[in-house]
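Residue-level structure breakdown
Okay, here's what each chain looks like letter by letter:
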Amino acid sequence: MNSQQDARRPLPGMSSPQIVQTFCEFFRERGHHRIPGSSLVPRSGDPVLFTTSGMHPLTPYLEGRPHPDGRRLTDVQRCLRTTDLGEVGDRTHLTVFEMLGSWSLGDYPGSQSLRWGHELITTGFGIDPGLLHATVFGGSDQVGPDTGLAEVWGELGVPVELTGEDNWWSSGPAGLCGADSELFVWTGSAPPEGTPGTGERWVELWNHVMLRYRRLADGTLMPLPRPNVDTGMGLERLATVLQGQVSVFGCDLLQPWTRTLGRLWPAQETSLRLVTDHLRSTVVVIGDGVTPSSTGRGYVLRRLIRRALTSLWRDDPARSLSDLPPDLTGQTLSHFGQLTSPVQVMGVLLDEERRFRDLLSRGRRVLSRRHNNEPLTEEELRYLHQTHGLPREFVPAMLSG
Ligand code: SER
């Protein structure tokens, strides 16, 4: 170990409830009102399937409507993202996660948000300032570089990298958007090296978005009536860093799942992570009132369950979700303040498991009529999907059964 490592502060080892308390208290002391987090299912009439970020439920207020609780807000919001599905199983990605958020609705500027962010990370959470790196929007043909924010990081002694698209945040192809500044922490065992753009040991922790525009369908950027600051920090990632874990699957929020499933259904690490993520997310989605179906939200849920089963059955086709302990699902439902019971969740899971087994046996019967053992052709894969409702991602489960 070299002198730079010796000089680092020990990890604070905070539990997730302590992290939430520290975060909300810090912002409460700075005039923010804590608002309750919302369901994963947005209000009716909202075109979005699921809440994908902390700011989503606040959209009307970020667009200018006065919020009843004032102009400084904070909360913990559960989110579901399936855009990163291929990355689940790595060290940092989850489909359902919680976001610690703070907002200035046309109140204080982004520079203040960065200063508070730095204070909370280093003083409140005790992260060594020498392990931080920031990125700032470097400009585009429509919006200039955020040199003001780069200067703030400079004053705080945090190295900065200017990037393009990576530092432009948008809630969708059209809608609220703006330049952002991301704070990264070094998670390597050796001293920090490179920049967030070049080294995967830099983990993004906190995003501060200068939400100043609404993008119209034709691509035009319309300035909002007042500029907002929207910040979001992944609770599981922060817990992972503070608890000195290698991946989010080791932090206290995920560990009960990883430990229980690892005992129940031993598997290679990436599969165990995928099954852990998908089944835990499934419980939260069902807890918010969604049931599997062939379209929309229900299809997202169906896909999560079937992906988990595909992975479980690859190792042993006799495995069943009926072995999932009710204590585990109950703990997660109560963590998210959901009233759905573990028995209801199990009913949904087993019904879907039965449908999937039936579908796979139907698919196997279709395949048994083939006259060769060659790999499936594109045409056969298309036929299985279109005629028998078996998407190609589930075909391996059928072949291995
Ligand atoms: N909206 C931003 C994000 O989701 C910050 O909250 O990263």
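Residues numbered from 1 in each chain as written. Predicted model: local features only at pLDDT ≥ 70, side-chain atom pairs only at ≥ 80, totals over all residues. Heavy atoms only, no water.

1. Re the overall build of the protein
From N to C terminus, the protein includes 13 helices and 9 strands. The C-alpha atoms of the protein give a radius of gyration of 23 Å, which matches the 21 Å a tight globule of 401 residues would have. Seen through its principal axes, the protein has C-alpha atoms that stretch 70 × 55 × 45 Å. Here the protein holds 401 residues, and 53% of them are scored as buried. (Helix = DSSP H or I, 4+ residues; strand = E, 2+ residues; numbered from the N terminus. Rg over C-alpha atoms; globule rule 2.2 N^0.38 Å. Buried < 20%, exposed > 50% of the residue type's maximum accessible area, 1.4 Å probe, protein only.)

2. What about empty space enclosed by the protein?
Tallied over the entire structure, the rule returns 1 cavity of 30 Å³ or more. In this structure, the largest cavity spans a volume of roughly 30 Å³. What lines the largest cavity is simply Trp 265, Ala 267, Leu 272, Val 275, Ser 311, Leu 312, Asp 315 and Arg 319. Mapped by element, the contributors of at least two residues to the lining of the largest cavity are helix H8 (269-287) and helix H9 (296-315). With 3 residues, H9 is the largest single contributor of residues to the lining of the largest cavity. (1 Å grid on protein atoms, 1.4 Å probe; cavity = no way out; pocket = protein on both sides within 12 Å on 5 of 7 lines; lining within 4 Å. Points joined across faces, edges and corners; volume = space filled by probe spheres on them.)

3. A few points about the site of the ligand
What surrounds the ligand is the set Ser 53, Met 55, Arg 81, Met 99, Trp 169, Asn 207, Val 209, Asp 230, Thr 231 and Gly 232. Note that an oxygen atom of the ligand is positioned 3.2 Å from one of the side-chain N or O atoms of Arg 81. Secondary-structure elements contributing two or more residues to the shell around the ligand are strand S8 (202-215) and strand S9 (221-234). With 3 residues, the top contributor of residues to the shell around the ligand is S9. In the shell around the ligand, the residues fall into 4 nonpolar, 4 polar and 2 charged. (Near = heavy atom within 4 Å. Polar contact = N/O pair within 3.5 Å; in protein donor to acceptor, adjacent residues only side chain to side chain. Nonpolar A, V, L, I, M, F, W, Y, C, P; charged D, E, K, R; others polar.)

4. Looking at the nonpolar core
Nonpolar side chains in soluble globular proteins generally cluster together in the buried interior. Residues Phe 125 and Ile 127 are the most contacted members of the largest nonpolar core, which totals 49 residues. With 44 residues, the next largest nonpolar core counts Leu 40, Val 284, Leu 312 and Leu 349 among its residues. (Core = buried A, V, L, I, M, F, W, Y, C linked by side-chain atoms within 4.5 Å.)

5. Here we look at the environment of Leu 80
Inspection of the secondary structure assignment puts Leu 80 in strand S2 (residues 72-80). On the basis of relative accessibility, which here comes to 2%, the residue Leu 80 falls in the buried class. Measuring from C-alpha to C-alpha, the distance between Leu 80 and Leu 94 comes to 8.4 Å, with 14 residues separating the pair along the chain.

6. Description of the pairing of strand S4 (residues 132-137)
Most of S4 sits inside the fold, with 6 of its 6 residues counted as buried. Side chains Leu 132, Ala 134 and Val 136 of S4 all project onto a buried face; the interleaved residues His 133, Thr 135 and Phe 137 project onto the opposite face, where all are buried too. Bridging between S4 and strand S7 (residues 175-186) involves 5 bridges; their strand directions are antiparallel. By the bridge assignment, Leu 132 is partnered in S7 with Val 185. By the bridge criterion, 4 bridges tie S4 to strand S5 (residues 160-163) in an arrangement that is parallel. The partner of Val 136 across the bridge, within S5, is Leu 162. After leaving S4, the chain enters helix H5 (residues 147-155) and then returns to the sheet as S5, a path that is right-handed. (Pairing = 2+ DSSP bridges. Right-handed = clockwise from strand over helix to strand, strands pointing away.)

7. Topic: H5
Along H5, the residues classified as buried are Leu 149, Ala 150, Val 152 and Trp 153. Burial along H5 is one-sided: seen end-on, the buried residues are contained in an arc of 155°. Away from the buried face of H5 by more than 90 degrees, exposed residues Glu 151 and Glu 155 are located. Close packing links the buried residues of H5 with helix H4 (110-124), S4, S5, S7 and S8. Immediately downstream of H5, the backbone of Gly 157 shows phi near 80°, a positive value. (Arc of directions from axis to C-beta. Contact = heavy atoms within 4.5 Å.)

8. What to know about the pattern of salt bridges
Should the charged atoms of two oppositely charged side chains come close, the side chains can pair. Enumeration over the complete set of coordinates arrives at 18 salt bridges. One salt bridge connects Asp 358 with Arg 354, and the closest N-O pair in it is separated by 3.7 Å. With Asp 358 and Arg 354 both in helix H11 (residues 342-368) and 4 residues apart, the pair spans about one turn of that helix. Judged by its relative accessible area of 39%, Asp 358 falls in the partly exposed class. A salt bridge links Glu 378 to Arg 392; its shortest N-O distance comes to 3.1 Å. One end of the pair, Glu 378, is in helix H12 (residues 378-388); the other, Arg 392, is in the loop between H12 and helix H13 (395-400), with 14 residues separating them in the sequence. Judged by relative accessible area, which is 44%, Glu 378 ranks as partly exposed. (Salt bridge = Lys/Arg side-chain N within 4 Å of Asp/Glu carboxyl O.)

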